[in-house]
Amino acid sequence: EAAPGMTASAPSGRLHEYAPVLATLRVMAHRNLTRLVRLPAILVPMVVMPLFFVVAFTGSFDGIRNDPLYPTDKVINWVAAFAMLQGASFAGVGAAGAMANDMDTGFLDRLLVSPIRRSTLIIGPLLYTAVRAFVPLTIVMIGAAVAGADFPGGPAGVLVAYVGGVGGALVFGTFGLAVVLRIGDIRAMTIVQMAGFLVLFPSIGQVPISMLTGWMESAARVNPATNVLRLVRQGFLGPVTWEQTWPGLLVLAVGIAGFFTWGRFELARRT
């Protein structure tokens, strides 16, 4: 029982304090999702490109499954994770594109002079990115199943694949937002899009490290995307293990935290 003059509603008071923040995040995420519905052409890159990678790499690399160093007898089992992360990168780029569009139209300036928390200007587009990432991830998952992919990881494998995919989208999203805020206009999108390709290709996207040579092997070993690919891919190759899971989760957590901090700094600098 509360003492005289004191209230016992501290939790509800805190919830009331954060209610405006949650309302702002909801409106910002809904605004971007509405834009996605009104401009369905935005979906084309993150739907078509991952499926293109599935078809192109499955057909081009089909003979490699006969190599004893290749860990699976179906190329789709290996390629699906790479296509999922490619789709996730396009979903992440969408957050940067939305921010760049708001900067060009002057809408961001209106938000900066409004009485809202600055962090919501970054978190809002990231919520939109997380929802948007489910589109390419699901499409690739369905495409892989149609192509005959095995999935010995079961429901746990599906879960870690989605966690890794959405996490990858958030990493690219926070990076893209930071770059756009730093450069200040739509030209930053070129850097963000190129970064997606340059990070994922020198990794174990196409073949395992044991089949790489020269600088490609060295690059794949130090590339953080390699651990994320292992996280997403493990359900296609075997059961889910903590050994294959935690390095990818660590990369995602560090990437999101680091790029979010950078983006928050750039936003404060613009303010």
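Note that the coordinates shown come from a computational prediction; the quantities given were computed from them, not determined experimentally.

(A) Spatial organisation of the packing of helix α5 (residues 120-146) against helix α10 (residues 242-270). Interhelical geometry of α5 versus α10 gives an angle of 135 degrees and a closest axis separation of 10 Å. Considering the angle they form, α5 stands oblique to α10. Side by side, α5 and α10 meet where Leu121, Ile122, Ile123 and Leu126 of the first sit next to Phe260, Gly263, Arg264 and Leu267 of the second. Looking at side-chain class alone, the contact of α5 with α10 contains 6 nonpolar, 1 polar and 1 charged residues.

(B) View of helix α9 (residues 224-237). In this model, α9 (14 residues) spans 20 Å end to end at C-alpha, consistent with the 20 Å of a helix rising 1.5 Å per residue. For α9, the principal kink sits at Leu231 and spans about 35 degrees. A large share of α9 lies buried, amounting to 10 of its 14 residues. Among the residues of α9, those classed as buried are Ala225, Thr226, Val228, Leu229, Leu231, Val232, Arg233, Gln234, Gly235 and Phe236. Lining the buried residues of α9 we find α3 (75-105), α5, α6 (154-183), α7 (188-200), α8 (214-222) and α10. Capping the start of α9 is the job of one residue whose side-chain oxygen sits 2.9 Å from the backbone nitrogen of Ala225: Asn223.

(C) Up close: the pattern of salt bridges. For the coordinates displayed, the defined rule picks out 4 salt bridges. Between Arg221 and Glu217 there is a salt bridge, with the nearest N and O atoms lying 3.1 Å from each other. Residue Arg221 and its partner Glu217 are both found in helix α8; the two are separated by 4 residues, about one turn of the helix. Here Arg221 falls in the exposed class, since its relative accessible area comes to 56%. Judged by relative accessible area, which is 25%, Glu217 ranks as partly exposed. When the shortest N-O distance is used, the salt bridge between Glu266 and Arg269 registers 2.8 Å. Highlighted residues: Glu266 and Arg269, both in helix α10, separated by 3 residues, approximately one helical turn.

(D) Quick look at the packing of α3 against α6. Contact geometry for α3 and α6: axes closest at 7 Å, N-to-C directions at 30 degrees. When the interaxial angle is binned, α3 and α6 end up roughly parallel. For the pair α3 and α6, the sense of crossing is right-handed. On α6, the residues that touch Met84, Leu85, Ala88, Ser89, Ala91, Gly92, Ala95, Ala96, Met99, Ala100 and Met103 of α3 are Ala161, Gly164, Gly165, Gly168, Ala169, Phe172, Gly173, Gly176, Leu177, Val180 and Leu181. Each residue belonging to the contact of α3 with α6 can be placed in one class, and the counts come to 15 nonpolar, 7 polar and no charged.

How each quantity is defined
In this convention, every chain numbers its residues from 1, walking through the sequence in written order. With pLDDT at 70 or above as the cut-off, local features in this predicted model cover only qualifying residues; side-chain atom pairs require 80 or more to be listed or tallied, and sums for whole chains, interfaces and linings still use all residues. Values reported for side chains reflect all heavy atoms of the structure, with hydrogen atoms and water molecules removed beforehand. Fitted lines through C-alpha atoms give the axes, limited to the stretch in contact for helices. The angle between two N-to-C directions lies from 0 to 180 degrees. In this description a helix means any DSSP run of H or I spanning at least four residues, a strand means any run of E spanning at least two, and both kinds are numbered starting from the N terminus. Roughly parallel refers to an angle under 35 degrees, roughly antiparallel to one over 145, roughly perpendicular to one between 65 and 115, and oblique to any angle outside these ranges. Here, residues are in contact when the closest pair of their heavy atoms is within 4.5 Å. The residue classification treats Ala, Val, Leu, Ile, Met, Phe, Trp, Tyr, Cys and Pro as nonpolar and Asp, Glu, Lys and Arg as charged. All others, Gly included, are polar. Under the convention used throughout, the expected extent of a helix is 1.5 Å for every residue step, that is, one less than its residue count. One axis fitted to the seven residues ending at a residue, another fitted to the seven starting there: the angle between these axes is the bend at that residue. Burial classification: accessible surface area is computed with a 1.4 Å probe over protein chains only, and a residue below 20% of its type maximum counts as buried, one above 50% as exposed, and the rest as partly exposed. By the criterion applied in these results, polar contacts are pairs of N or O atoms within 3.5 Å in which, for protein atoms, one can donate a hydrogen and the other can accept it, and in which residues neighboring in sequence qualify only through two side-chain atoms. The salt bridge definition used is simple: a Lys or Arg side-chain nitrogen within 4 Å of an Asp or Glu carboxyl oxygen. Each crossing gets its hand from how the near helix is turned against the far one by less than a right angle, where anticlockwise is left-handed and clockwise is right-handed.

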